[in-house]
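# Residue-level structural notes
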Amino acid sequence: LGVFLICTYAAKEATKKTKKAKLYVPQIDCDVKAGKIINPEFIAKCPPGCQDVKYRVYGTDIYASFSSVCNAAIHSGIIDNTGGKILVQKVAGHSGYRGSFSNGVRSLSLPRWRESFLVSEGKPRKGVTYPSTLEYSSSKSTTVKSGNDRVNVPTGDAVRKEYQTSPVPTPATQMATTTPTPTTMMTDPSTTTPKPTITPATTRTTTVGAAAKTRAGLHRVRDIAFRGTSTSASNRNILRPNTGIQRQEPVAAFWRATGSPAHLAVETDSWKPGLSLFDTGFSSKEELNPKPLESISQGNPNCKVDLSFLMDGSWSIGKRRFQLQKQFLGNMAQALGISSTGPLMGIVQYGNDPSTEFNLKTYTNSKDLRNAIEKIPQKGGLSNVGKALSFVNKNFFSDANGNRGGAPNVVVVMVDGWPTDRVEEASRLARESGINIFFVTIEAAAESEKQNVMEPNFVDKAVCRTNGFYAINVPSWFSLHKVVQPLVKRVCDTDRLVCSKTCLNSADIGFVIDGSSSVGTSNFRTVLQFVANISKEFEISDTDTRIGAVQYTYEQRLEFSFDKYSTKQDVLSAIKRISYWSGGTSTGAAISYASEQLFSKSKPNKRKIMILITDGRSYDDVRVPAMAAHQNGVIAYSIGVAWAAQDELEAIATDPDKEHSFFVDEFDNLYHFVNQLIQNICTEFNSQPRN
């Protein structure tokens, strides 16, 4: 019996020790979004100070993975601004994320997103093993605590961080990265056999360089040695006649770094602002040793984009280079991992006129898409890129063609040399429709050829942003295969696809402000603060949301127009400078004036939103001017204070009245409606067709 009691006591003590063993809880930063962490369920510790508007949150109770994890936890009430442990569970994508204001955090609405997450108290669930380190899919440098050490890790897409932080055993399934992600290994254009994904034990950095190429004076000629004599007539003879001088093709270099830490596998993109992909400074004498593309047989759900390639089918490209372009597009399809839950890809070929080869829903796997690309015949004609961009903007990204709404719209323009028409206006309209435009320019104009280019700096006039991220210049068609992985990495980096259309970057918002005598100087300043609080929530620029303002009494005054200021700071400063006018209250005339002076000059594809603030009944009729504004596409919100007439507020507001009109008894309570107003604007935006 004594032996039995001793054994029982020893077993209990061992059990207590086992229970006391604590799992190391990794710390995450305030700006970490749930979508950047690959683990489906994890416990993490948030630092203090995450309650900040710059850490965006989308949804209520269930959050879009685009949200800041820690600020979502504060919004849900799990932790406060002092930080703490949280449990995060990934769940399926969701439609209709609802915005709300809770615990000092305002979350935004979102029509749909590919992945969601739930936040709860940081207590382990029974039977679940939690990782002591987190797997990230990120492009930034992350500092991770490991025991008493701190390690700086320059992470790539789906980079595995493996650090021993706890003696707690990790299941074998957690030790290998299973999420398929693009790498920077290069592919031979003739390679079609996929290579299984292997995570190497060394850091690999891929960079490419190119030697300067010899130009043939004013006119350019294709290298006949590559194509024989049968295609000599297909050189750029439409604009640039054959002079009989051969061009020397550049030799590209491939350099691989060695000596990296054995526990990391890092991929890097050689992009730097203002530099071509090939302007990297490495010797052009090194031999290129391309590798086959990795196979992504199940698709890549971490890259949910709707992608259109504008394929150059002009005669200037020639048959050989057209074939190289098809091989490149096939390799892109393979590297992207086409699937209904990941990226979808369609192709438009342009020459004199554009035509759709296949749309987004035609093929939902890489193999079928590659086979279809191989069968595309060349159209011929000029290089009318502007016409092709207009065609894509009006026709390609529609529900009927497979556009998914919640996925960013991306266009990659392939152009041989330079376009034969203008691209600036077509590109601007496409950007305002929420399309992210990339340019891949092959064999761009030399200094001696630039006089032949119809629109100088056409790339900067066309791309989403002129920061180098959206433009790749390739010195030769025979170097094109080198940009597959860098381009995949860019189009899949949804955080940087800043031209995507949202409720916060796609409107012309005109404020119509009552400056009558009944308002008073102090209350007028309160109204201006209300206007500023609304304005600062929007993304303001000449291609995003624009702000204008009108003040009225018996008369009307244009304080500033939509095109006056193109930065948020300038708009806020202009609002602050508005001086109080004082006078009567002719609200109907003010609506007509705003329609003529502001909204008649609104941009195409911009939502026209009028926000009118008044404190009393109008001396004139408001119904007829308001109806005219509604018929011209103006979405009107009315905000009444104190003695404002409810019937007039409802007449001014767009239907349904209850969602577009507000009333508050005192000026000091206006701030209560800032979040509600923005939420209603976003809800209405999300419920409308894309364009």
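Nothing here was measured: the structure is a model prediction, and the numbers come from that model. (Residues numbered from 1 in each chain as written. Predicted model: local features only at pLDDT ≥ 70, side-chain atom pairs only at ≥ 80, totals over all residues. Heavy atoms only, no water.)

## Here's the deal with the state of the cysteines
Put plainly, two cysteines are in a disulfide when a covalent bond ties their sulfur atoms together. Evaluated as defined, the whole model comprises three disulfides. Residue cysteine 30 pairs covalently with cysteine 50 via a disulfide, S to S 2.1 Å. Handedness of the cysteine 30-cysteine 50 disulfide follows from its S-S torsion of about -80 degrees: it is left-handed. One end of the pair, cysteine 30, is in the loop between α1 (2-20) and β1 (41-46); the other, cysteine 50, is in the loop between β1 and β2 (59-60), with 20 residues separating them in the sequence. For the pair formed by cysteine 30 and cysteine 50, the shared burial category is buried. Paired by a disulfide, cysteine 303 and cysteine 492 hold their sulfur atoms 2.0 Å apart. Judged by the sign of its S-S torsion, about -75 degrees, the bond between cysteine 303 and cysteine 492 is left-handed. Here the residue cysteine 303 occupies a position in the loop between β11 (252-256) and β12 (306-312), and cysteine 492 occupies one in the loop between α9 (484-491) and β18 (507-514), the gap between them amounting to 189 residues. Each member of the pair, cysteine 303 as well as cysteine 492, carries the same accessibility label: buried. (Disulfide = S-S within 2.5 Å. Helix = DSSP H or I, 4+ residues; strand = E, 2+ residues; numbered from the N terminus. Buried < 20%, exposed > 50% of the residue type's maximum accessible area, 1.4 Å probe, protein only.)

## Remarks on helix α2 (residues 69-76)
Most of α2 is tucked away: seven of the eight residues are buried. Every buried residue of α2 is accounted for by Val69, Cys70, Asn71, Ala72, Ala73, Ile74 and His75. Positive backbone phi, approximately 85 degrees, marks glycine 77, located one or two places after α2.

## Looking at the sheet that holds strand β14 (residues 354-358)
The sheet built from six strands is open, its strands ordered β14-β13-β12-β15-β16-β17 with mixed pairing. Edge positions in the open sheet fall to β14 and β17 (471-474), since each of these has one partner strand only. Taking each pair of neighbouring strands and ignoring which way they run, the sheet shows an average axis angle of 20 degrees. Looking at chain direction, β12 and strand β15 (residues 409-416) are connected through five bridges and run parallel. Pairing of leucine 310 across the sheet is with valine 413, part of β15. In the packing of helix α4 (residues 318-336) onto the sheet, contacts are made with β12, β13 (344-350) and β15, and the angle to β12 comes to roughly 170 degrees. Packed onto the sheet, α9 meets β12, β15, β16 (435-442) and β17 and runs at close to 165 degrees relative to β16. (Pairing = 2+ DSSP bridges. Axes fitted to C-alpha atoms, helices over the stretch in contact; angles between N-to-C directions. Contact = heavy atoms within 4.5 Å.)

## Describing the confidence of the model for the protein
Interpretation of the predicted coordinates at a detailed level should be avoided for regions scoring low in pLDDT. For the protein, per-residue confidence averages 76 on the pLDDT scale, and 72% of positions sit at 70 or higher. Per-residue pLDDT stays below 50 along residues 139-297; that stretch engages in 347 contacts with residues further than four places along the chain or on separate chains. (pLDDT = per-residue confidence, 0-100.)

## Notes on the packing of aromatic side chains
Here the structure, examined in full by the defined rule, presents 14 aromatic pairs. Both rings, one in tyrosine 63 and one in phenylalanine 117, keep their centres 5.7 Å apart while their planes meet at 35 degrees; by these two values the pair is tilted. Of the two residues, tyrosine 63 is situated in strand β3 (residues 62-64) and phenylalanine 117 in strand β7 (residues 110-121); the sequence distance between them amounts to 54 residues. Residues tyrosine 63 and phenylalanine 117 agree in their burial class; the two are buried. Taken together, a centroid distance of 5.1 Å and an interplanar angle of 35 degrees make the contact between phenylalanine 524 and tyrosine 580 tilted. Of this pair, phenylalanine 524 sits in helix α10 (residues 521-535) while tyrosine 580 sits in the loop between α11 (568-577) and α12 (587-597); the two residues are 56 residues apart in sequence, bridging distant segments of the chain. (Phe/Tyr/Trp six-rings, centres within 6.5 Å; stacked < 30°, edge-to-face > 60°.)

## Points about the packing of helix α6 (residues 385-396) against helix α7 (residues 424-432)
Relative orientation of the contacting elements α6 and α7 amounts to 20 degrees, with a least axis distance of 8 Å. One element, α6, and the other, α7, form an angle in the roughly parallel class. Seen along the crossing, α6 lies across α7 with a hand that is left-handed. Facing α6, whose interface residues are Gly386, Leu389, Ser390 and Asn393, α7 presents Ala426, Ser427, Leu429 and Ala430. (Parallel < 35°, antiparallel > 145°, perpendicular 65-115°, else oblique. Left-handed = near helix turned anticlockwise from the far one by under 90°.)

## A short note on the nonpolar core
Core analysis: the largest hydrophobic core is formed by 71 residues, its most contacted members being Phe309, Phe328, Leu336, Met345, Val412, Phe439 and Leu487. Looking at this core element by element, the count peaks at eight residues for α4. When near neighbours in sequence (up to four residues on either side) are disregarded, phenylalanine 309 contacts Phe328, Leu329, Met332, Met345, Gly346, Ile347, Val348, Val412, Met414 and Leu487. In this structure, Ala64, Phe511, Ile547 and Ala574 belong to the second largest nonpolar core, which totals 48 residues. (Core = buried A, V, L, I, M, F, W, Y, C linked by side-chain atoms within 4.5 Å.)

## A few points about the pattern of salt bridges
One pass over the structure, following the stated rule, counts 14 salt bridges. Between arginine 465 and aspartate 544 there is a salt bridge, with the nearest N and O atoms lying 3.3 Å from each other. Here the residue arginine 465 occupies a position in the loop between α8 (458-462) and β17, and aspartate 544 occupies one in the loop between α10 and β19 (546-552), the gap between them amounting to 79 residues. Residues arginine 617 and glutamate 648 are paired through a salt bridge, measuring 3.6 Å at the closest nitrogen-oxygen approach. One end of the pair, arginine 617, is in the loop between β21 (607-614) and α13 (623-631); the other, glutamate 648, is in helix α14 (residues 646-652), with 31 residues separating them in the sequence. Arginine 617 sits in the partly exposed class, given a relative accessible area of 47%. You can call glutamate 648 buried: its relative accessible area is 8%. (Salt bridge = Lys/Arg side-chain N within 4 Å of Asp/Glu carboxyl O.)

## Regarding the pairing of β13
Consecutive side chains of a regular strand alternate in pointing toward one face of the sheet and then the other. When you tally the buried positions in β13, you get seven out of seven residues, the bulk of the element. Side-chain alternation along β13 places Leu344, Gly346, Val348 and Tyr350 on one buried face and Met345, Ile347 and Gln349 on a second face that is also buried. The parallel pair β12 and β13, bridged by α4, forms a crossover whose chirality is right-handed. Summarising the sheet, β13 and β14 pair through four bridges and their orientation is antiparallel. Its bridge partner being in β14, tyrosine 350 is matched across the sheet by proline 354. Connecting β13 to the next strand, β14, in antiparallel fashion are three residues. (Right-handed = clockwise from strand over helix to strand, strands pointing away.)

## Focus: the environment of aspartate 563
In this fold, aspartate 563 is placed in the loop between β20 (556-560) and α11. Judged by relative accessible area, which is 61%, aspartate 563 ranks as exposed.

## Quick notes on the side chain of serine 427
Looking at the secondary structure, you find serine 427 in helix α7. What makes serine 427 buried here is its relative accessible area of 0%. Of the polar contacts made by the side chain of serine 427, one reaches the backbone oxygen of valine 423; its length is 2.7 Å. Residues within four places of serine 427 in sequence aside, it is in contact with Leu389, Ile437, Lys461 and Ala462. (Polar contact = N/O pair within 3.5 Å; in protein donor to acceptor, adjacent residues only side chain to side chain.)

## A look at the environment of isoleucine 79
Relative to the helices and strands, isoleucine 79 is located in the loop between α2 and β4 (84-97). You can call isoleucine 79 buried: its relative accessible area is 10%. Along the chain, isoleucine 79 and glutamate 121 lie 42 residues apart, while their C-alpha atoms are 8.1 Å from each other. Setting aside its immediate chain neighbours within four residues, isoleucine 79 contacts Cys46, Cys70, Ala73, Ile74, Gly84, Lys85 and Ile86.

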